[in-house]
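# Survey of secondary and tertiary structure
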Amino acid sequence: MPQLLIVTALWAFSFSLIGQYLAGQVDSDFAVLVRVGIAALIFAPFTLWRGLPRALLGGFWLAGALQFGVTYLCLYRSFEVLSVPEVLLFTVLTPIYVTMIDDALARRFNLWALVAAAVAVGGGIIIRFQPLTGDYLWGFVLLQIANFTFAAGQVLCRHLLAHYPTPQPLYRFFGHFFLGALVLAVPAWLWWGDAGKLPHTLLQWSVLGWMGVFATALGMYWWVLGSTRVDAGTLAIMNELHVPAGLLVNVLIWNREADLPRLVAGGTVILASLWLNRWGQRTRLLTADRPAT
């Protein structure tokens, strides 16, 4: 849980930094390429190529392609047609995708996790719901693709680590995750990139550097590590905390207006969903341990 909370704070800053300094100014494909490239370089010295299950390494390449390839290519494009608050609104469905994909991979149906995730989504909607205007449909579609692939990537990593245990620590093979992302990020830049929209200020390069090191490399590493220490329901709900966290960053740093009562109410509902998920897990355990009659 501590790792997930730290990463939530890091990613809350990311939404605002992208919207404030990169969106519409720096080519989105180049921004993704730099972030993933920095992360791959950080883990490269530690990366093992032998002595690990091929399915584990191949799965991490696939997870990286999904979670930082497809997800971030869609996310950055959404900023071209949506505001930061609209982006935050359209990402509230991620917990549902997490629980559904986790259940599909485990071949089960966890009703309590799905209910808790739905409650967390309700909290996000309370915070961000507002009448939508303009041409937002394309942004919504992009973000649902991003939400689904982001959920799929983190759930896949969680299942891979559970099914292919290895004595090697995660950092010794986590570089494969970002190499998988580069498989999509490099051709995306070569095909769609706009060389006329490269970063042109030190501040923009600094933002990309900060996001590459902290939000991408360390953030994703801590998130995957943290995901192995919680149940699927908790992981799903943690995906919703970025909504109040992102808005708090907008208010505290950039003095943006926000409906604080709604923020508090929605945040409370999201926190309550964590309690509901834990209560549901205890109920399931007690039911499973009860002798048959």
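Notes on the structure in this doc start here. (Residues numbered from 1 in each chain as written. Predicted model: local features only at pLDDT ≥ 70, side-chain atom pairs only at ≥ 80, totals over all residues. Heavy atoms only, no water.)

A separate point is the nonpolar core. F60, F174, F177, F178 and M220 are the most contacted members of the largest nonpolar core, which has 82 residues in total. Examining the composition of this core, we find that 10 residues originate from one element, helix α9 (residues 202-227), more than from any other. Contacts of F60, omitting those with residues within four sequence positions, involve C157, L160, L161, L170, F173, F174, H176 and F177. (Core = buried A, V, L, I, M, F, W, Y, C linked by side-chain atoms within 4.5 Å. Buried < 20%, exposed > 50% of the residue type's maximum accessible area, 1.4 Å probe, protein only. Helix = DSSP H or I, 4+ residues; strand = E, 2+ residues; numbered from the N terminus. Contact = heavy atoms within 4.5 Å.)

Per the stated rule, a full pass over the model turns up 4 salt bridges. Put simply, D29 and R77 hold a salt bridge, and the shortest N to O gap is 2.8 Å. Placement of D29 in helix α2 (residues 28-43) and of R77 in helix α3 (residues 54-78) is noted, with a sequence separation of 48 residues between them. Of the residues examined, D29 reaches a relative accessible area of 2% and is grouped as buried. (Salt bridge = Lys/Arg side-chain N within 4 Å of Asp/Glu carboxyl O.)

Before going further, it helps to examine the environment of I145. Within the secondary structure layout, I145 lies in helix α7 (residues 137-163). Considered as a pair, I145 and L75 are 70 residues apart in the sequence and their alpha carbons are 8.9 Å apart. With residues up to four places along the chain from it excluded, the contact list for I145 reads V70 and C74.

Tallying each qualifying case throughout the model produces 2 cavities of 30 Å³ or more. Size it by volume and the largest cavity reaches roughly 310 Å³. Around the largest cavity, the lining is made up of 19 residues, and of these W11, F15, Y72, F150 and H242 lie nearest the centre. Those elements giving two or more residues to the lining of the largest cavity turn out to be α1 (2-22), α3 and α7. Examining the composition of the lining of the largest cavity, we find that 5 residues originate from one element, α1, more than from any other. (1 Å grid on protein atoms, 1.4 Å probe; cavity = no way out; pocket = protein on both sides within 12 Å on 5 of 7 lines; lining within 4 Å. Points joined across faces, edges and corners; volume = space filled by probe spheres on them.)

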